[in-house]
Structure formats: structure tokens, C-alpha cells
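# Fold and contact review
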Amino acid sequence: MLGSLSYAIDGSDLLADLGVGWDEFALRNDAPELAAERVVGLPIWGFIHGEETREVYRRLFEWVRASDARIAVPFRCDSPDLFRFMRLELSAGGDGRIAIQSVLELEKPRRHLSLLDRAVGRSEEELPACSFCKRVLAQGRWSEPEVALAATGWAACAHPPLTREVVCEQCQLMAKGLSRSEA
Ligand SMILES: [Zn+2]
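On to the overall build of the protein chain, then. A count of helices and strands for the protein chain gives 5 helices and 9 strands. Tracing the protein chain from N to C terminus, the helices and strands come up as β-β-α-α-α-β-β-β-β-β-β-α-β-α. Radius of gyration (C-alpha) of the protein chain: 17 Å, near the 16 Å computed for a compact globule of 183 residues. With the C-alpha coordinates aligned to their principal axes, the bounding extent of the protein chain is approximately 50 × 35 × 30 Å. Expressed as a percentage of the 183 residues in the protein chain, the buried residues total 22%. Taking all contacts inside the protein chain whose residues are at least 6 apart in sequence as the whole, residues at least 24 apart take part in 60%.

In this structure, Leu60, Val64, Leu90, Cys130, Val167 and Cys171 are the most contacted members of the largest nonpolar core, which totals 31 residues. When residues of this core are traced back to their parent elements, those giving at least two are β1 (4–9), α1 (20–28), α3 (51–67), β5 (98–109), β6 (126–130), β7 (136–138), α4 (145–152) and α5 (169–181). By residue number, the principal contributor to this core is α3, which donates 4 residues.

Note: strands within a sheet are paired through backbone hydrogen bonds, in either parallel or antiparallel orientation. Reading across from one edge, β2-β1-β5-β4-β3 is the order of the 5 strands in this open sheet, with antiparallel pairing throughout. A single partner strand is all that each edge strand has here, and the edge strands are β2 (15–16) and β3 (70–76). Of the strand pairs in this sheet, strand β4 (residues 82–92) and β5 are connected by 11 bridges, and their pairing is antiparallel. Considered in β5, the bridge of Glu89 is made with Gln101. Of the strands in this sheet, β3, β4 and β5 touch α3, which is tilted by about 35° from β4.

Procedures and definitions
- Residues numbered from 1 in each chain as written.
- Predicted model: local features only at pLDDT ≥ 70, side-chain atom pairs only at ≥ 80, totals over all residues.
- Helix = DSSP H or I, 4+ residues; strand = E, 2+ residues; numbered from the N terminus.
- Rg over C-alpha atoms; globule rule 2.2 N^0.38 Å.
- Buried ≥ 20, exposed ≤ 12 C-beta atoms within 10 Å, placed from the backbone.
- Contact = placed C-beta atoms within 7 Å.
- Core = buried A, V, L, I, M, F, W, Y, C linked by C-beta atoms within 7 Å.
- Pairing = 2+ DSSP bridges.
- Axes fitted to C-alpha atoms, helices over the stretch in contact; angles between N-to-C directions.

Such coordinate-based values are descriptive only and should not be taken to indicate function.
The structure is reproduced here in C-alpha cells:
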């Protein structure tokens, strides 16, 4: 279980207020390099992968600060064995500070998906994957990875393609809607 994780960024986008839950999260995900004492004060941008994804968060942070808003961004944080439906709550805290809370809404088991297994070797192929909804772009359409892998024949390959984090059109629209409707 990922549960819920609270932290903040200051007016310069530096990580702050990493509480007890943060270290638990780092340990549970086998990522001691993310321990609070190592990452506090670092720019959040080093932890958000993909230029398109960073651009979406840049706009959302800008909106939250400018409008003193509180918004909830739906996203998936899947693992090889779980679908995880999450939401990221962003709320303005004054002086450019943003309180961030990631909340697990629903978790469902899935058949082990090697595409999401960091220990598995990769082929030369590259598969665009949306940072928010975790769908992948294969044969011109966005679909759940299980569907895409079956359709392309990659499901049977020992080495799945390498994923590249992007933002699909649907999630671009979702993010645009979030930074407009809360005025
Ligand atoms: Zn998406």
C-alpha cells in the first residue's frame, strides 16, 4: 500500500516538510536514496520525469500560486503487480509555498506486467507512456499497457520496450481544465 504522502515545495520549487511518511515511502519502494535527509531542499524537478510532464506541473504550480487555489490531479502510480489510482492534491500555502498530498484512492491487483518491472531488461524499442494515466501509445492509439502489448506482440517478448514519459492529449486537457475552472 502506498497510502498517502504529504510534503511541500517552497516558493523556489524546493522540497520541504518531508514528514515521517516520506521515509516510510522511500523504504517501502526500496529507494533509500530518496530518504528525506537526502532530498530535502532539492528542486522537485529532478524527481519528475519527462519534459512534457514537467511542463504540465509547471503550469499547475503556477496556477495554484497565482489563484491561491486547491486542485486535485488524478494520476496512476502503477506497479508491476498493481493498478493504483491516486490523486495529487495541491494547495497554496502563501509565499509561493504549495502543500502537496498524494492520496491512494483505489488499488487493484494485475497480472505481473514486466513493462513496469525495473529489473527486467529492455529491447531497443521505445514506447511513449503517459505520466498521468499510464496508458501507452502503440499503433497510433493510447491504451492500457496490457492491451497495447497484446496488440503489438510485445507481450510475448522477453524484453519489453523502454517507456518514455510523456503526457497524452486527454491528460493535457485534464490539466488545462484544472488550471482554468477554479478561478
Ligand atoms: Zn494520459
